[in-house]
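# Structure assessment
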Amino acid sequence: MNFFVEGALIVNVRMQMTEPPKAPTVAFIPKNPFFKIMSSLSMNEDSSDIVFIVGDDEARDTAKTKAETSPATFYAHSFILKRCASQLEELCGSG
């Protein structure tokens, strides 16, 4: 048997209930941890390998408050930039 179709593993699952449900059933959809994992990587100083410091140097010389002119720091990951923002990853370079 060939379980691969164009490189994807195909798994057929058949289930049968031994007794009828006592109450109407609701579809079971397991939680997907992907979003939680990706969120934990976002802005994570310990695991990031790229740091963006964004600020306006000219605004510091004006009468704006410090809160308006403080640079913002963003932590990123080169592997995510490479897949999702390849042009930005190229600007960061590989070394």
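The structure under discussion appears in the preceding block.
This section reports on the structure supplied with the text. What you see is a predicted model, and the numbers here were worked out from it, not measured in a lab.

## Regarding the overall build of the protein
Counting secondary structure elements, the protein contains five helices and four strands. The order of α-helices and β-strands along the protein, N terminus first, is β-β-α-β-α-α-β-α-α. Burial analysis of the protein (95 residues in total) assigns 8% to the buried set. Of the contacts made within the protein by residues no fewer than 6 positions apart, 53% connect residues no fewer than 24 positions apart.

## Description of the side chain of S48
Tracing the chain through its elements places S48 in the loop between α1 (34–41) and β3 (50–54). Within polar-contact distance, the side chain of S48 engages the backbone oxygen of E45 at 3.4 Å. Excluding residues that lie within four positions of it along the chain, S48 makes contacts with Y75, A76 and H77.

## Focus: the layout of surface pockets
Roughly 180 Å³ of internal volume is contained in the largest pocket. Lining the largest pocket are M38, L41, S42, M43, F52, F74, Y75, A76, H77, I80, L81 and L88. Put simply, the parts of the chain that give the lining of the largest pocket at least two residues each are α1, β4 (72–76) and α4 (78–84). Residue contributions to the lining of the largest pocket peak at three residues, all from β4.

## Things to note about the environment of S42
As for its placement among the helices and strands, S42 is situated in the loop between α1 and β3. By relative accessible area, which is 46% here, S42 ends up partly exposed. Taking the C-alpha atoms as reference points, S42 and H77, separated by 35 residues in sequence, lie 8.4 Å from one another.

## Re the side chain of H77
Residue placement: H77 occurs in the loop between β4 and α4. Assessed through its relative accessible area of 6%, H77 is described here as buried. Here L41 takes part through its backbone oxygen, which lies 2.8 Å from a polar atom of the side chain of H77. H77 has contacts with L41, S47, S48 and D49, leaving out every residue within four places of it along the chain.

## Let's talk about unusual backbone geometry
Located in the positive-phi region is M43, a residue other than glycine, with phi close to 60°. For M43, a relative accessible area of 42% puts it in the partly exposed group.

What counts and how
- As a convention, each chain's residues are numbered from 1 in the sequence order in which they are written.
- Totals for whole chains, interfaces and linings use every residue, but because this is a predicted model, local features are given only for residues with pLDDT of at least 70 and side-chain atom pairs only at 80 or more, for both listing and counting.
- Values shown for side chains rest on all heavy atoms present in the structure; no hydrogens or waters enter the calculation.
- For helices the rule is a DSSP run of H or I covering at least 4 residues; for strands it is a run of E covering at least 2, with both sets numbered from the N terminus onward.
- Under the scheme applied here, a residue whose accessible area is under 20% of the maximum for its type counts as buried, over 50% as exposed, and between as partly exposed, the area being computed with a 1.4 Å probe on protein chains only.
- Here, two residues are considered to be in contact whenever any of their heavy atoms come within 4.5 Å of each other.
- Counting of polar contacts relies on pairs of N or O atoms within 3.5 Å, with two restrictions inside protein: one atom must be capable of donating a hydrogen and the other of accepting it, and residues adjacent in sequence are counted only when both atoms are side-chain atoms.
- Lining residues are those with an atom within 4 Å of a point, where the points come from a 1 Å grid over the protein atoms alone and group into cavities, where a 1.4 Å probe fits but cannot get out, or pockets, open sets with protein on both sides within 12 Å along at least five of seven lines.
- Grid points are joined across faces, edges and corners, and a volume is the space filled by probe spheres set on the points.

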